[in-house]
Structures are given as structure tokens and as C-alpha cells.
2 protein chains.
Amino acid sequence: MSSGYKSWILLTGFILFYVAYLLLGALVFSTIERPVEDKLKSDIQVLKEEFLNQSCVNATSLENFLEKVLQANKYGISILPNSSASSNWDLASSLFFANTLVTTVGYGHTTPLSDTGKAFSIFYALLGVPFTMLVLTACVQRLMHPVTYGPIDMCRQRIGLDPLAATAVHFAILLLLVVLGFFVVPAVVFSHIEDTWSFLDAIYFCFITLCTIGLGDYVPGEKPGQKFRSLYKISVMVYLFLGLMMMYLVLRAFHRMADLHGLTSFFQLPHCDEDTEEDKEPIIEADPEDQHEAEASAKPLDPASQTSYNTINR
Amino acid sequence: MSSGYKSWILLTGFILFYVAYLLLGALVFSTIERPVEDKLKSDIQVLKEEFLNQSCVNATSLENFLEKVLQANKYGISILPNSSASSNWDLASSLFFANTLVTTVGYGHTTPLSDTGKAFSIFYALLGVPFTMLVLTACVQRLMHPVTYGPIDMCRQRIGLDPLAATAVHFAILLLLVVLGFFVVPAVVFSHIEDTWSFLDAIYFCFITLCTIGLGDYVPGEKPGQKFRSLYKISVMVYLFLGLMMMYLVLRAFHRMADLHGLTSFFQLPHCDEDTEEDKEPIIEADPEDQHEAEASAKPLDPASQTSYNTINR
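If you look chain A up in an unreviewed UniProt entry, it shows as Potassium channel subfamily K member from Oncorhynchus kisutch. Per UniProt, the comment on chain A under Catalytic activity (unreviewed entry) is "K(+)(in) = K(+)(out)". Per UniProt, the comment on chain A under Sequence similarities (unreviewed entry) is "Belongs to the two pore domain potassium channel (TC 1.A.1.8) family."

Listed below in C-alpha cells is the structure:
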């Protein structure tokens, strides 16, 4: 079996196992958290009844009531009647939570209520975060040739650009496509689906999400009564995964450009360069004159140089 | 001026500029968000007065009232009297927000209310996230020798361990120290300072924070009336920065160990290895027999191999 073929089988295995890991996490979270949520939900409804049945409402009783309401709200349990139908811990929502946990986005619109849930979150993320990074890195690794090295090589051979210019032009085009495809277009879609989101809100959501900041002030599919909610949540998960992959790809392309322009050398930071046998081929086989020229700059085409999948604890 | 000296000046410059960047961000966020917050705060108090002055409280009026209360709460504005004294956008809180933004932790306990604030968040993170990564990478790069290569080399020369065993022993000790110093000890401290946090809650907070998931269900210094709140917030920021640095260091040490054991080769992923001139010295000068032995495994000590500071969009 050829190495390339084996590599793709490995990647497919990774992705299937990743999906299974997410589903397993979703099942466990749903099993642990659903009963706690149901209990809190009924408690808060009883509290509301009691409050309404009071003969007189004074500031103190209102404040006591509101304190409990806000506490429940912190755990994602709303006292409002239209919110009580949907659960934060049905399978689709649990899957979404598991996904935001392992990608380190962590919106926090839903958080585990029980101690078991918290302990499981730690355990789940401990394995899940590095695993997600592994899958993302494996995907990006295999995309580097068709998306980065291939087109740069083509720029150099067809248009006759020098390596610096070819890398810069390629990076500009890649960036433009990613901004359009993963920020502008999704923002248009989100601002149409979510009634209360303006275009700026949607762009802000895309940016905060794909940077893995995940503030959680905007979370898709959280309005009560949305159609095809489960399907929508899963689509957002796919968007998140593909988006993170593209962000990683853009960063690697940028890092490589920074190497070529001597920036990483200047800051005395590690270099990024093509690393696998397949990856380096197009550059090695390129016009020897160009290659010479490139080598003169901050040893940018050293084929033995490596990139790392290790990230700040992702 | 020697290269090592220049390297430290560069690093100091980075850190000073980073602190200045955070302060600048804090000032801008505070300026933009404070007036919006004050407006919302007074609105919600008026609403409360109106609600209390109603002759009869029925389910509909209560729900309308609660909807507005929960909406304000989503923006970090509490209707409760003891919360109204402290602001989410004073200088210390804004600094904390700016820090959680650029480290991609993003608790989301405070989020920008105005469109200007959202737009500035995008702009600020766009520069700040890569910059934070740059500073963290530069710090870790300079710590790799004293914390990783040095001790491993010592294990090999003094105790006579082979490279695989030395790396494994070193990694186990490093991991233990980091778990103690950045999870267990801080968790003890947090569970003492924050009245409502159990030890599990505090460990959960440390883990969720240092993984940059940042769910935001536990955020230090958010209880009303805490003493030395600003100082406390700044200490948490320092903890966050040092913690992220250590997580990165552990990951690099793990990645290196995975290389030595042929794991990255097996998964066809990029290798991680010592990369700067200074870094590789101790290994290069080590017992040539050991080195030979190491090279026989998955080309683990290739001095030209590189790590990358590029991470999933940090």
C-alpha cells in the first residue's frame, strides 16, 4: 500500500474516531446533566408560582426571588415560559457543548451543573483537546500541498514570480478567500437565520468563535422555537471545525511567509516550513535558480525544518 | 553585543509592549463601554421601581419584567442591589477582559454592549491574539534550555539514562510540578478566597482556564465586596499568563517525547525538536554514542527540525 494511501486511511480513521468521541461525550453529558437541569427547572417554576401567589410584593421579596432567578439563569435555566420547552442537554445541545469544549471555544452558554459533570468535563477535555488538535493538524498537513505549496509553485512556474512575491500573492488570495468564505458569507447566513443578529453581530460571532475566544454572548440556535434546531447546531459544528482548519492553514501560510521574509529569524522564533516528503516535493523540484535565491534569505526552504502541532494547550 | 544578550533585550521589549497593549485596550474598552453600562444600569433600576409600584403583579407583567432583567444580566448587568456598586468596565475589569480576549480564554462574564465595543474587540483581538502567541512563544523558546534540554542532558550525563528514558523521566517530573504548581496550589488558594467555590470548582476553573476553554461559569473576583479586587484581578492575569506558558512548555516537552518514541512519525505529523542555536547545544555536545542511538529512532535529534509558534489561530 502506498504511503499516501495509508496516510488518507489514517486521516479517515482519525475523523471517524473524532466523531465517535464527540457522540460519546454528548451521551455522557446528556445523561449526567439532564436530570439536574429538570430538577432546577421545576424548582424555578415552583418559585415563580410562590412569588405570584404572594399577597404583597416588596423590594426584599423581589430581590430574593430575582437572586434565585439569576442563579438559575447562570446555569442556563431560564424562568421564561418560551424557553422552558427546549433543553440545554438534549443530544444535539450536548454534542454542541462537547464540541465547544474540545475545540476550546467554550461559549459557556451551557455549563455543567453537577460535580460529576464538572469532573467529566475535565477528563473529557484532557483527552479531547489534544485529540482535536491532532485531527486538525492531520487535516491541515494534508491540505498544505494542494492549498499552499501547489499554488505557490504554480505562481512561480507559470507567472514567473520570485519565491517572496509568489508567497505574498498566494497569502493575500488565501486570506481573501478565507475572509469571504468563513466570515462574510457565514455572517450573512447567520444574520438571516437569527432574527436578533445584525450583520456586525454575526461577523463578531464568527470572529470570536474562530479565534476560539468564544465569549458566548452570541450563540446560534439558542432562540426558542427555531426550526430544525438539531440540524442547525450540527451545521454550526461543521462550520466550526472547517473554520478552525482554515484559520490554522492561514496561520501556517503566514508563518511560512514570515520565514521567507526573515521575520521569524529577526524575532528569534522557530521557523515554519514544509515538512513531509510529499509537502516538500514541489519546492525542491522548482527552478534551481529560484531556490538558490530563496536559500539566500533566512534559510526559508530548509526541507528538514518542521512545524509543530503543539499549541498553547490545545 | 552577544546574541543571547540581544535576545533577552528583545524579549523584555516584547513583554513591556505587551503590557502596554493590554493597558491601552483596557482604557479603550473602559471608555467605550462604561457609559453604555451606566445607562443600562439606571434603566434596569427604573424598571424595578416601576415593577414594585404596580398595584397587581400578574404572570404576564412578571414575565415581561423578567425578560428585561435576564436580557440585562446577559450583558453583565445585575438588578441586585449588592452588585450595582462594582462596574464590569472599571480599569481592572477592562484589563482583565482585554487579557481574556487576547489569550482566547474569553470567559464571557463581561461582553461588549455597544457596536463600537464589538468592532473594537475584533480589531483588538486581531492584533492581540497573534501578539500574545508571539510573546508566549518567545518566552517558552528561552525557557526550553533551562527547563527541558538542560535537565534531560543532566539525567543522561549524571544518572546515565538513555535518551528515551531521560526524556520520559523529565516529562513525568515536569508534568507533576506543573500540576502541583499551576493546578493544585492555585485551586487551594482560589477555594479559600472565593467563598462559594469548592476545591473541585477551583480545579475545574484552573483547568477550563489554562485550556483556554474559558466557560466563564467560575470567574475570580466577581463577588461583590471582595477586598483588593483590582490587585486580585491582576494576580489572576499573571497566573493566566504564566500558566499558559507552562502549558505550552509541557506540550512542547510532550511533543518532543512523542517524536523520540516515534509517535509523530507513526501519525505522519510534524516533528518537534530543539531549534535555536542555543537550544541544540547540550544535545549536540552529548555523548556521541547516545546521540547515535537517538538518531536511530524516528530522526528525533535532527537539529534542523523546527517547532512552530503557530497555533490554531492564536
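With that settled, the discussion passes to the overall build of chain A. Looking only at helices and strands, one finds ten helices and zero strands in chain A. Taking all 314 residues of chain A together, the buried fraction comes to 56%. Of the contacts made within chain A by residues no fewer than 6 positions apart, 71% connect residues no fewer than 24 positions apart. Summed over all atoms, the accessible surface of chain A reaches about 13,000 Å², with 67% contributed by carbon and sulfur.

Before going further, it helps to examine the packing of aromatic side chains. Residues and elements named next belong to chain A. Applying the stated rule across the entire model yields 47 aromatic pairs over all chains. Taken together, a centroid distance of 6.0 Å and an interplanar angle of 15° make the contact between F96 and Y107 stacked. Here the residue F96 occupies a position in helix α3 (residues 91–102), and Y107 occupies one in the loop between α3 and α4 (115–159), the gap between them amounting to eleven residues. Grouping residues by exposure puts F96 and Y107 together as buried.

Right, let's talk about the interface of chain B and chain A for a bit. At the interface, 91 residues of chain B touch 92 residues of chain A. Summing both sides of the interface, chain B and chain A together bury roughly 7,700 Å²; the carbon and sulfur share of this comes to 70%. For the pair chain B and chain A, the number of links is four salt bridges. In this structure, D201 of chain B engages K118 of chain A in a salt bridge whose closest nitrogen and oxygen atoms are separated by 2.9 Å. In this structure, the connection of chain B to chain A is made through six residue pairs in polar contact (both at pLDDT 80 or more). Among the secondary structure elements, those contributing two or more residues to the side of chain B that touches chain A are α1 (3–53), α2 (59–74), α3 (91–102), α4 (115–159), α6 (199–210), α7 (229–260) and α8 (263–266) of chain B. A total of 15 residues in the side of chain B that touches chain A trace back to one element, the largest contributor, which is α4 of chain B.

As annotated by UniProt and renumbered to match this structure, "transmembrane region" (unreviewed entry) occupies residues 7–32, 122–144, 164–190, 202–219 and 231–251 of chain A. Across residues 164–190 of chain A, the secondary structure splits into 100% helix and 0% strand, with the terminal C-alpha atoms separated by 37 Å.

With that settled, consider unusual backbone geometry. Residues and elements named next belong to chain A. The backbone phi angle of F228 is positive, close to 45°, even though this residue is not glycine. Take F228: it is sitting in the loop between α6 (199–210) and α7 (229–260). Assessed through its relative accessible area of 65%, F228 is described here as exposed.

The subject of this paragraph is α2 of chain B. Its 16 residues place the ends of α2 of chain B 22 Å apart at the C-alpha level, agreeing with the 22 Å of an ideal helix rising 1.5 Å per residue. Taken together, the buried positions of α2 of chain B are S61, L62, E63, F65, L66, V69, L70 and A72 of chain B. Those residues of α2 of chain B that are buried are in contact with α1 (3–53) and α2 (59–74) of chain A together with α1 of chain B. After α2 of chain B finishes, the residue G76 of chain B shows a positive phi value of roughly 85°.

Our next topic: the UniProt feature "domain: Potassium channel" (unreviewed entry) in chain A. Annotation from UniProt places "domain: Potassium channel" (unreviewed entry) at residues 84–144 and 179–257 of chain A. Annotation note: span residues 179–257 of chain A, helix share 71%, strand share 0%, distance between end C-alpha atoms 18 Å.

A separate point is the pattern of salt bridges. Under the criterion given, the structure shown has 13 salt bridges over all chains. Here R229 of chain A and D90 of chain A are joined by a salt bridge, their closest N and O atoms 3.3 Å apart. Residue R229 of chain A is found in helix α7, and its partner D90 of chain A is found in the loop between α2 and α3; the two are separated by 139 residues along the sequence. Per residue, the accessibility class of R229 of chain A equals that of D90 of chain A, and both read buried. A salt bridge links E222 of chain B to R229 of chain B, with the nearest nitrogen and oxygen atoms 4.0 Å apart. Here the residues in one salt-bridge network are D90, E222, R229 and K233 of chain B, joined through shared partners.

As a further point, take the packing of α4 of chain B against helix α5 (residues 163–193) of chain B. Helices that pack against each other are described as a pair by the angle of their axes relative to one another and the distance between those axes. Residue and element names in this part refer to chain B. Relative to each other, α4 and α5 sit at 130°, their axes nearing to 9 Å. The angle between α4 and α5 falls in the class oblique. Regarding α4 and α5, the two cross each other, and that crossing is right-handed. Listed contacts from α5 to V147, T148, P151, I152, C155 and R156 of α4 are P163, A166, T167, H170 and L174. Each residue belonging to the contact of α4 with α5 can be placed in one class, and the counts come to seven nonpolar, three polar and one charged.

Moving on, we get to a nonpolar patch on the surface. Residue and element names in this part refer to chain A. A surface patch of nonpolar side chains, about 220 Å² in accessible area, is lined by I15, V19 and L23. Structurally, I15 can be placed in helix α1. Residue classification places I15 among the partly exposed residues on the basis of a relative accessible area of 33%.

Turning to the side chain of R229 of chain A, a few remarks are in order. Accessibility expressed as a relative area gives 17% for R229 of chain A, which makes it buried. In contact with R229 of chain A, not counting residues within four places along its chain, are S86, S87, D90, S93, G221 and E222 of chain A.

The two copies are related by a screw operation: chain B maps onto chain A through 180° of rotation and 0.0 Å of translation along the axis, at an RMSD of 0.0 Å. Both copies of the chain, as the preceding transformation shows, are related through a two-fold rotation axis. Comparing interface residues between copies, 100% of those in chain B also sit at the interface in chain A, which points to an isologous, same-surface contact.

Reading guide: rules and limits
Residues numbered from 1 in each chain as written. Chains lettered and ligands numbered in written order. Predicted model: local features only at pLDDT ≥ 70, side-chain atom pairs only at ≥ 80, totals over all residues. Heavy atoms only, no water. UniProt positions renumbered as here; feature names shortened; annotations may be inferred. Helix = DSSP H or I, 4+ residues; strand = E, 2+ residues; numbered from the N terminus. Buried < 20%, exposed > 50% of the residue type's maximum accessible area, 1.4 Å probe, protein only. Contact = heavy atoms within 4.5 Å. Areas by Shrake-Rupley, 256 points an atom, 1.4 Å probe, with all protein chains shown as cover. Phe/Tyr/Trp six-rings, centres within 6.5 Å; stacked < 30°, edge-to-face > 60°. Buried area = accessible area lost by both parts, 1.4 Å probe. Salt bridge = Lys/Arg side-chain N within 4 Å of Asp/Glu carboxyl O. Polar contact = N/O pair within 3.5 Å; in protein donor to acceptor, adjacent residues only side chain to side chain. Expected span 1.5 Å × (residues − 1). Axes fitted to C-alpha atoms, helices over the stretch in contact; angles between N-to-C directions. Parallel < 35°, antiparallel > 145°, perpendicular 65-115°, else oblique. Left-handed = near helix turned anticlockwise from the far one by under 90°. Nonpolar A, V, L, I, M, F, W, Y, C, P; charged D, E, K, R; others polar. Patch = residues over 30% accessible without salt bridge, like charges linked within 9 Å, V, L, I, M, F, W, Y side chains within 5 Å. Least-squares fit on C-alpha atoms with pLDDT ≥ 70 in both.

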